[in-house]
Amino acid sequence: MSILNVIKYGDPVLRQKSKEISKINKKVIELVNNLYDTMYAKNGVGLAAPQIGVNLRVFVIDTAFGNEKPRPITFINPKILKLEHPMNSFEGCLSFPDAYTNVRRYKYVKVKALNIKGRPFILEEDGGTLLAKAIQHEYDHLDGKLFVDHCRNRFDTDAILTEKGLPPVDSNYLLDENEMEALIDDTETEEEQQQ
Ligand code: NI
C-alpha cells in the first residue's frame, strides 16, 4: 500500500486508452489499494489507474465527506450502459491541481463493472449527485478523455489552466456536445470536486 504521485495534465499517459483487466491477481489488488491510498491522501473523490501511470481499466470512488463513514466503490472493467439528462458540473481533477471549470455531464448514469472479488454489479445513480458525476469523470480517464474535453467555455477554461501553470485545452480532444449544451439548465447549483 503506497501513496503515489498523481500524473499531471500534459503527460501522454493520461491520453492513452486503457486495457481491460483479464484477471484480478495480487498486482491488481495492490493497484486498487494504491489508488485508494493515493486518493484519500490527496482528498480526492475518485482516482483512475492512468492517473498513477497504469493503463488498466479500473477506478475507485469515495464520495463520503468529512466524518462520514467511508463509501469506497471499486470499478473494474466498467461499462456505461446509459446516460440521461445533461447538466452542468463544476469540476476538478487530481491531475489538474486547483483548476476547476464548468463541464457537461449527465444527471443519470447506469454502469456495470466488476468489484475487487471479480463479481459483476450494476449501479444506477440519478439526480446529478457527486457519485453520478464522478462515475462519468473516472470512466473517461480509462478512454484517455479528460474533464476539460467537456468544457462549456473553452476560453474561460484556457485562462484557468494557464493560471494554474497547465497546458491549454487541446482542440484534438475537445468534444462537440452542442445538443447536450442546449439541454443544460443553468439555474441549478454548483459544487466543487476533485477527482
Ligand atoms: Ni480526474
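Whatever comes next refers back to the structure up there.
Residues numbered from 1 in each chain as written. Predicted model: local features only at pLDDT ≥ 70, side-chain atom pairs only at ≥ 80, totals over all residues. Heavy atoms only, no water.

Engineer: A description of the overall build of the protein should follow, citing residues and the corresponding values.
Structural biologist: A count of helices and strands for the protein gives 4 helices and 5 strands. If you list the helices and strands of the protein from N to C, you get α-β-β-β-β-β-α-α-α. Compactness check: the protein gives a C-alpha radius of gyration of 16 Å against a globular reference of 16 Å for 195 residues, within 12% of the reference. Summarising its shape, the C-alpha atoms of the protein cover approximately 45 × 35 × 35 Å along the three principal directions. A separation threshold of at least 6 residues defines the contact pool for the protein, and within that pool the share at least 24 residues apart is 68%. Summed over all atoms, the accessible surface of the protein reaches about 9900 Å², with 50% contributed by carbon and sulfur. Of the charged side chains in the protein, 25 are positive and 30 negative; the average position of the first set lies 10 Å away from that of the second. (Helix = DSSP H or I, 4+ residues; strand = E, 2+ residues; numbered from the N terminus. Rg over C-alpha atoms; globule rule 2.2 N^0.38 Å. Contact = heavy atoms within 4.5 Å. Areas by Shrake-Rupley, 256 points an atom, 1.4 Å probe, with all protein chains shown as cover. Lys, Arg positive; Asp, Glu negative; His and termini not counted. Charge placed at Lys NZ, Arg CZ, Asp CG, Glu CD.)

Engineer: Mind laying out helix α2 (residues 130-142), listing which residues take part and the relevant values?
Structural biologist: Owing to its 3.6 residues per turn, the α-helix aligns residues three or four sequence positions apart on the same side. Relative to the 18 Å expected for 13 residues at 1.5 Å per residue, α2 spans 19 Å between its end C-alpha atoms, a close match to the ideal helical length. Burial within α2 is extensive, with 13 of its 13 residues counted as buried. Phi for G144, located one or two positions after α2, is positive at around 75°. (Expected span 1.5 Å × (residues − 1). Buried < 20%, exposed > 50% of the residue type's maximum accessible area, 1.4 Å probe, protein only.)

Engineer: Please give an account of the sheet that holds strand β3 (residues 73-93) that cites residues and values.
Structural biologist: Pairing between sheet strands relies on hydrogen bonds along the backbone, with the strands arranged either parallel or antiparallel. What the 5 strands build is an open sheet, ordered β1-β2-β3-β4-β5; its pairing is antiparallel. Two strands bound the open sheet, and with one partner strand each, they are β1 (46-48) and β5 (120-125). Neighbour-to-neighbour, the strand axes of this sheet turn through a mean angle of 45°, independent of strand direction. Both β3 and strand β4 (residues 96-114) contribute to a ladder of 13 bridges, which runs antiparallel. Bridged to K79 within β4 is K112. On the sheet, helix α1 (residues 26-41) packs against β1, β2 (58-61) and β3 and is oriented at approximately 40° with respect to β2. (Pairing = 2+ DSSP bridges. Axes fitted to C-alpha atoms, helices over the stretch in contact; angles between N-to-C directions.)

Engineer: Describe the nonpolar core, naming the residues involved and giving the relevant values.
Structural biologist: Membership of the largest hydrophobic core comes to 16 residues, with the highest contact counts inside it found for F59, I61, F75, V111, L123, L131 and I135. Among the secondary structure elements, those contributing two or more residues to this core are β2, β4 and α2. Top contributing element to this core by residue count: α2, with 7 residues. Other than its neighbours up to four places away in sequence, F75 contacts R57, V58, F59, I61, V111, A113, L114, F121, L123 and I135. (Core = buried A, V, L, I, M, F, W, Y, C linked by side-chain atoms within 4.5 Å.)

Engineer: Go over the packing of aromatic side chains with me, naming the residues and quoting the values.
Structural biologist: What the rule picks out here adds up to 6 aromatic pairs. With 4.8 Å between their ring centres and 85° between their planes, F96 and F147 make a pair best called edge-to-face. Highlighted residues: F96 in strand β4 and F147 in the loop between α2 and α3 (154-163), separated in sequence by 51 residues. Counting every residue linked through ring pairs, the aromatic cluster contains Y9, F96 and F147. Positioned above the aromatic ring of Y173, the side-chain terminus of R15 is 3.7 Å from the ring centre. (Phe/Tyr/Trp six-rings, centres within 6.5 Å; stacked < 30°, edge-to-face > 60°. Lys NZ or Arg CZ within 6 Å of the ring centre and 35° of its normal.)

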